[in-house]
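# Per-entry structural report
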Amino acid sequence: MLASIIRSWAYGWIDKLYIQPKFHFSYYGFEWVQPISQYTYLLFIVCAISALFVAIGYRYRLAIVTFFLSFTYIELMDKTTYLNHYYFVSILSFLMIWLPAARYFSIDAYRNVRLRSQRIPRWTIDSVKLLLCIVYFYAGLAKLNSDWLIEAMPLKIWLPGRYDLPIIGPLLEQEWAIYAFSWAGALYDLAIPFLLLYGGTRLLGFSLVVFFHLMTSALFPIGMFPYIMIVSTLIFFSSSLHHRLLSGMASLGRFSKSIFDNNQSWKSRKAPLYKLQIGLVALFFALQLALPFRYLLYPGELFWTEEGYRFSWRVMLMEKAGSTNFKIVDQKNQKTFYVDNSDFLSSYQAKQMAFQPDFILEYAHFLRDHFTSQGHEQVAVYAESYVALNGRRSKQFIDPTIDLASQPISLLPKPWILPFHDQISGL
Amino acid sequence: MLYRYLSAIVLVTVLTGLLLTSCGDDGGGGTDLGDGSNDTFDRGAMLAHWADNIIIPAYLNYQSSLEGLVASSEAFVGEPSATTLSTLKNSWQQSYLSWQRVSMFEIGKAEQLVLRSFTNIYPTDTTGLLDNISSGTYNLALASKYDEQGFPAIEYLLFAHDENETVEDFAGNNAQGQYLLDLTSRLQSLTNEVVEDWQGGYRETFVADDGSSGTSSVNKMVNDYIFYYEKSLRAGKVGIPAGIFSGSPLPNTVEARYSGDFAKPLFLEALNATQNFFNGTPYSGGSNGPSLRAYLDHLNTIREGEDLGLLIDDQFESARLAAAGLDNSFFAQVESDNSALLALYDELQKNVILLKVDMLQALNINVDFVDADGD
């Protein structure tokens, strides 16, 4: 029955292609993941085919492992394009490696009678539900901050810009409506896991899911995500609904799904392996629950420094923009000049780099190496960086007296980020 | 029952999705909804003001100044003399000043034609243009010929040598006269195309596209405007010759390298043009109309932030103040006291931050309309 979910999210990222700038921003520890020139296209094709195989349940285990690896590789190539929902797809596919998702209504099960089983252990379905609950609930927790609730930021910036939408457009410039959107959004994220978990409120919950995600897709450019989430939440419904859906699909394809209805329950044949499998999934969830709180280990305002910001379901929380220029000093020859960022970065990369400290540092190191190879000596790199966050006036972001070329790249706190000089309270 | 309900939801989802996608594409409409309320800032009115009172008048003026330039270059080539040369130099100055008023509007036809690149790329490639003259064969429409035409190339022909020498050169070399005529008439024909386009329907397209999508007129115009401010005004006119990007000053890269005392007037004209556009000051003067500044003020009534419009306008003033003491020749300024030019650059840079970071955030406009998802 998982097949219906898998089927649905196989679309969407297939035609997504990467432009190839001179320099890519890597994740810490994954610097070796680089685009592989024209073979990058091949990677996308592999990813697309494996997604299709997962959806139809053909050689499922191999397909899902391939999909997870290729999709994650694509994501790791350049963190400029980091989005929470890509991360969601990555970890969901990782989770699915350990789930028996091709035992029913799949080509594998069609071809091999022994693979067929109508029932699978409850934890396998519940683990997907748990992941979805984490996504929503943590997104809700993250909204419990003073900018979101008290200032109605960043919606105060985003919503008036969409005044030209039909029907709701004029509302979006009303202050009360913007507050209503903020509070309703936070409440929605926090409540939806529970509404979906309990049978009595499930329909209400699902209606809200559909309404909310359609709304966000109307208001913001967020691509496939709303549709992925709408379809994913179908997993909360009982098996009878999915049987109906699959029968519908089967009759569209003019075959009967009854051959899969063998009343068999799936059991792992290798007990130690099964135990390992469950252990891995448990470990995975422990990590998922803990990771979003790692920001507590860093000093300073999370939204400002972004240390521990990613991989935490902090969705749509900030309107942040910056302008960052780099001063190169050849200390041996006493020469100083500035860098034109467009020489090295795409405009999208330059935009993302301008307000994220880890990007700034990585780029500074790249510039040091580049200009050293050009014959400059004892190269020092200074950033003149200004950043505006959630409608506040722009402020200097990076200590302009610190030579970034000599600062190490690590996960430790970055003391050269200037203080925020304001407070955002909350989680 | 449940199944029916879900089918209905799916249907609604698909229909809404289609509806929204189609709305998103044409990005239009919306303003007619604002009848009853003053809350909505009328982007359409701002676009109309830009087109009717700033952009088109500026182009018409530039166009007529080019008529003068073409006429006086024909007079000079027909009969090279100190008098006709002096008239021609004067026309060149007038046109070059008028150009500063339109350069930032690289949108529509001008964008298609790459007008700025064919008009004002400096320093001009003197070897290339002399080759063109001696060979007599050249295709000015090629991108590789950007820096062998336009105002900087004409300037080289008119100002690089002293008056007598120039008159003699032109008198004794028909090919050089022909090249001059080709350059001036090319400026004219490109500009005629742009003006015809604005008057022949583009104005309506421009004003009607008043939505908030990445490719709507406001978003594109604001991006073009900031790009011009950052690349052409801040970097081109000041930063590059002052050596900001090279480590040592590059006096030969100044605008108006050969004509002596003209770089500062050109710079100030361009600075005024960008400031007036921000404030919505009509080309012919008079009171300000709907503008980026008015838009920021409107949004501030929702947000109660700082008076960003005032900050930006003040910063334009600071830049003008920093330029006040400069030599009319930036070439001379770089040689004598480059630090004054560096100080001007710093003032210009401050407005890059205010325009590109603070204003774009307030207006909710993306830099360069990169088509990417957010989350």
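Residues numbered from 1 in each chain as written. Chains lettered and ligands numbered in written order. Predicted model: local features only at pLDDT ≥ 70, side-chain atom pairs only at ≥ 80, totals over all residues.

Another point: the overall build of chain A. Within chain A, the secondary structure is distributed over 16 helices and four strands. Across its three principal axes, chain A shows a C-alpha extent of roughly 80 × 50 × 40 Å. Scored against the burial criterion, the 427 residues of chain A give a buried share of 38%. Here the contacts in chain A between residues at least 6 apart in sequence split such that 66% fall between residues at least 24 apart. (Helix = DSSP H or I, 4+ residues; strand = E, 2+ residues; numbered from the N terminus. Buried ≥ 20, exposed ≤ 12 C-beta atoms within 10 Å, placed from the backbone. Contact = placed C-beta atoms within 7 Å.)

For chain B, the count of helices and strands is 14 helices and zero strands. Reading the helices (α) and strands (β) of chain B from amino to carboxyl end gives α-α-α-α-α-α-α-α-α-α-α-α-α-α. Here chain B, with 375 residues, has 43% of them falling under the buried criterion. The contacts of chain B with a sequence gap of at least 6 include a subset with a gap of at least 24, amounting to 74%.

One finds A:Ala364, A:Val381 and B:Met359 to be the most contacted residues of the largest nonpolar core, which totals 123 residues. Of the residues forming this core, the biggest block, 15 residues, is contributed by helix H14 (residues 330–363) of chain B. In this structure, B:Met359 is in contact with B:Leu292, B:Leu296, B:Leu308, B:Ile312 and B:Leu354, ignoring residues within four places of it in sequence. Core analysis: the second largest hydrophobic core is formed by 59 residues, A:Cys47, A:Leu95, A:Ala142 and A:Phe236 among them. (Core = buried A, V, L, I, M, F, W, Y, C linked by C-beta atoms within 7 Å.)

Across its 14 residues, helix H12 (residues 239–252) of chain A extends 20 Å between first and last C-alpha, which sits within 8% of the 20 Å expected from 1.5 Å per residue. Residue A:Arg254 follows H12(A) closely and has a positive phi angle near 55°. (Expected span 1.5 Å × (residues − 1).)

Before going further, it helps to spend a moment on the environment of A:Tyr188. All names here are of chain A. On the secondary structure map, tyrosine 188 appears in helix H9 (residues 175–197). Tyrosine 188 sits in the buried class, given 20 other C-beta atoms within 10 Å. Along the backbone, tyrosine 188 and glutamate 173 are 15 residues apart, and their C-alpha atoms lie at a distance of 22 Å. When neighbours within four sequence positions are excluded, tyrosine 188 is seen to be in contact with Leu208 and Phe212.

Residue and element names in this part refer to chain A. Their axes nearest at 7 Å, the elements helix H6 (residues 122–143) and H9 cross at an angle of 150°. Judged by the angle between their axes, H6 and H9 are roughly antiparallel. In this structure, the crossing between H6 and H9 has a hand that is left-handed. The residues of H9 that touch H6, namely those facing Cys133, Tyr136, Phe137, Ala139, Gly140 and Lys143, are Gly185, Ala186, Asp189, Leu190, Ile192 and Pro193. (Axes fitted to C-alpha atoms, helices over the stretch in contact; angles between N-to-C directions. Parallel < 35°, antiparallel > 145°, perpendicular 65-115°, else oblique. Left-handed = near helix turned anticlockwise from the far one by under 90°.)

All names here are of chain B. With 86% of its residues at a pLDDT of at least 70, chain B reaches an overall mean of 88. Segment residues 18–38: pLDDT under 50, and 25 contacts once partners within four positions in sequence are set aside and those in other chains are kept. Two numbers describe this predicted complex: its pTM, 0.86, and its ipTM, 0.83. (pLDDT = per-residue confidence, 0-100.)

Residue and element names in this part refer to chain A. Relative to strand E2 (residues 335–338), strand E1 (residues 320–330) runs antiparallel, the two sharing four bridges. The partner of lysine 327 across the bridge, within E2, is tyrosine 338. Joining the antiparallel neighbours E1 and E2 is a turn of four residues, in which glutamine 334 adopts a positive phi near 55°. (Pairing = 2+ DSSP bridges.)

What follows concerns the sheet that holds strand E4 (residues 395–396) of chain A. All names here are of chain A. Overall, antiparallel pairing links the four strands, which are arranged E2-E1-E3-E4 in an open sheet. Since the sheet does not close on itself, it has two edges, and those belong to E2 and E4, each with one partner. Here strand E3 (residues 379–389) runs beside E4; their pairing, made up of two bridges, is antiparallel. Following the sheet pairing, valine 387 is matched in E4 by lysine 395.

Residue and element names in this part refer to chain B. Following both chains from N to C, one finds helix H2 (residues 43–78) and helix H3 (residues 82–102) inclined at 160°, their axes separated by 8 Å at the closest point. Relative to H3, the element H2 is oriented roughly antiparallel. For the pair H2 and H3, the sense of crossing is left-handed. Counted together, Ala58, Tyr59, Asn61, Tyr62, Ser65, Leu66, Gly68, Leu69, Ser72, Ser73, Ala75 and Phe76 of H2 and Thr84, Leu85, Thr87, Leu88, Ser91, Trp92, Gln94, Ser95, Ser98, Trp99, Arg101 and Val102 of H3 form the full contact between these two elements.

Quick look at helix H16 (residues 357–373) of chain A now. All names here are of chain A. Spanning 17 residues, H16 covers 24 Å between terminal C-alpha atoms, matching the ideal 24 Å at 1.5 Å per step. Looking only at H16, the buried set comprises Pro357, Asp358, Phe359, Ile360, Leu361, Glu362, Tyr363, Ala364, Leu367, Arg368 and Phe371. On its buried side, H16 packs onto helix H14 (302–305), E1, helix H15 (347–353) and E3.

So, on to the pairing of E3(A). Residue and element names in this part refer to chain A. Most of E3 is tucked away, with nine of its 11 residues classed as buried. Across 11 bridges, E1 lies against E3 in antiparallel orientation. Paired with phenylalanine 326 across the two strands is alanine 383, which belongs to E3. Taken together, E3 and the strand that follows it, E4, pair antiparallel across an intervening segment of five residues, in which asparagine 390 is found at a positive phi of about 45°.

Tracing the backbone through its elements, the reader meets B:Val102 in helix H3. Sequence separation between B:Val102 and B:Thr274 is 172 residues; the distance between their C-alpha atoms is 9.8 Å.

In this section: unusual backbone geometry. The residue after A:Met153, namely A:Pro154, is reached through a cis peptide bond having omega 0°. Within the secondary structure, A:Pro154 is located in the loop between helix H7 (146–149) and helix H8 (155–158). Positive phi outside glycine occurs at A:Trp313, with the angle close to 60°. Classification of A:Trp313 as buried rests on a count of 24 C-beta atoms within 10 Å. Of note in the backbone geometry, B:Ala256 takes a positive phi value of approximately 55° without being a glycine. Of note, B:Ala256 is situated in the loop between helix H10 (217–242) and helix H11 (263–279).

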